[in-house]
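# Per-entry structural report
In case you want the letters, here they are:
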Amino acid sequence: MAQVVLKNVKKVYPGVPKPAVEQVSLEIQDKEFVVLVGPSGCGKSTTLRMIAGLEEITAGEIYIGDRLVNDVPPKDRDIAMVFQNYALYPHMTVYKNMAFGLMLRKFPKAEIDRRVREAAEILGITEYLDRKPKALSGGQRQRVAVGRAIVRKPQVFLFDEPLSNLDAKMRVQMRTEISKLHHRLQATMIYVTHDQVEAMTMGDRIVVMNDARIQQIAEPIDLYDNPANKFVAECGGNYAASLYPAKLAADKGFHQLLWTDGMTHEYFEESGTIDFPVYDAHVEALRNHNNKRVTFGVRPEDFFDPSYQKADPHYRELKARIEVVEPMGSEVYLYLTTGRHPFIARVEAHVRAETNDEKALLMNAAKGHYFDIETEKTIV
């Protein structure tokens, strides 16, 4: 296996003024599982395709191991790629689909057979080796696509949104299988997805991309606890922070939530504003923003139903109207609005809530995140 290094990589398509990828620098260690995550059009798949050699880079350098591969064709980069649409040959059996790449490289038949059957055993598809792709389910086809990559024994595995076409249950199963495969093979893997849950549960490190640039590179828990900017805090799927305009009075130990009209973003310091305590450990970091407006964010799990939570000096009550109730079995997600702001709260499964009800919740200000209103970078 090998490390992968990108140095100031840029991609500009002819006739398109805005770069698809801008100044991306990234170092992926040998045997590491790194996930690139972000919205459609952010540059994550283009970055992966440049590593694979399927897209030419406009500027910068890409290394696989110690070798500069800018001008190396894809077939000579010693990588294997798993695509979203499986890319299987419909007229070939599973066995031949997995063996085809090795046959082109003129491997001995005995070695091809050994590798194919070994990969099939790992993926649990031995009984399907004589079938053609049309006789397989989506999950089974994706296993074949992964198996075709495994038999190559490449230095680097690349996955381009491989689970997007699967149903919810199969997605969970396959992401578990891919994680187990990484531990078994001890391989360098780079995985692209727009699904934040996949990113959080699979990656050793996560690379968050937006607008053609890297926003943050971190381990999942660090990304969750310490988002570098407002975008990273917002892109967590069910874990995304709800954001509010606020005014700081750090020297007095509190901040005040403000409402905006949602259209012109004019602030209204009306009777509905709420004072929240600034967490003691945050006061010093916030002093430079004293008496300034900032963006305050808090995650769904940092709201609590007052009936099931003990009092705490950093909690404040927030009254809101319930828009949608999503029972998840072990928990309930409430989609609410307060003032002019929507937010999401995750509460205990036994909390009773109905659409259009007025609900009082507690917010834990100690878990809050603060972002500069101009740069959108984190303050604390």
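Our subject is the structure that appears above.
What counts and what doesn't
Residues numbered from 1 in each chain as written. Predicted model: local features only at pLDDT ≥ 70, side-chain atom pairs only at ≥ 80, totals over all residues. Heavy atoms only, no water. Pairing = 2+ DSSP bridges. Helix = DSSP H or I, 4+ residues; strand = E, 2+ residues; numbered from the N terminus. Axes fitted to C-alpha atoms, helices over the stretch in contact; angles between N-to-C directions. Contact = heavy atoms within 4.5 Å. Phe/Tyr/Trp six-rings, centres within 6.5 Å; stacked < 30°, edge-to-face > 60°. Buried < 20%, exposed > 50% of the residue type's maximum accessible area, 1.4 Å probe, protein only. Lys NZ or Arg CZ within 6 Å of the ring centre and 35° of its normal.

## Side note on the pairing of strand 18 (residues 315-327)
- The pairing of strand 18 with strand 21 (residues 358-364) spans seven bridges and is classified as antiparallel. Residue pairing across strands places Tyr315 opposite Asn364, the latter belonging to strand 21.
- Pairing geometry for strand 18 and strand 19 (residues 331-338), over six bridges, is antiparallel. Residue Val324 lies in a different strand from strand 19, and its bridge partner there is Tyr335.
- Here strand 18 folds back onto strand 19 in antiparallel fashion, the turn holding three residues, of which Gly329 has a positive phi close to 90 degrees.

## Looking at the sheet that holds strand 3 (residues 33-37)
- The strand order 6-7-8-3-9-10 describes an open sheet built from six strands, whose pairing is mixed. Two strands lie at the open edges of the sheet, namely strand 6 (79-82) and strand 10 (213-218), each paired on one side alone. Each strand of the sheet is rotated relative to its neighbour by a mean of 20 degrees, with strand direction disregarded.
- Where strand 3 and strand 9 (residues 205-210) come together, four bridges link them in parallel fashion. Directly across from Val34, in strand 9, lies its bridge partner Arg205.
- Of the strands in this sheet, strand 6 and strand 7 (156-160) touch helix 4 (residues 138-150), which is tilted by about 175 degrees from strand 6.
- On top of the sheet, helix 5 (residues 168-185) reaches strand 3, strand 7 and strand 8 (188-193); it is set at about 165 degrees to strand 8, its chief contact.

## A look at the packing of aromatic side chains
- Scanning all chains against the criterion turns up eight aromatic pairs.
- On the numbers, 5.2 Å between centres and 70 degrees between planes, the contact of Tyr89 with Phe100 is edge-to-face. Of this pair, Tyr89 sits in the loop between strand 6 and helix 2 (94-104) while Phe100 sits in helix 2, placing them eleven residues apart in sequence.
- Taking relative accessible area as the criterion, Tyr89 reaches 35% and is therefore assigned partly exposed.
- Exposure remark for Phe100: the relative accessible area of 23% places this residue in the partly exposed category.
- These aromatic residues form a ring-pair network of at least three members: Phe33, Phe157, Phe159 and Tyr191.
- Taking the ring centre of Tyr224 as reference, the NZ or CZ of Arg299 above it sits at 4.3 Å.

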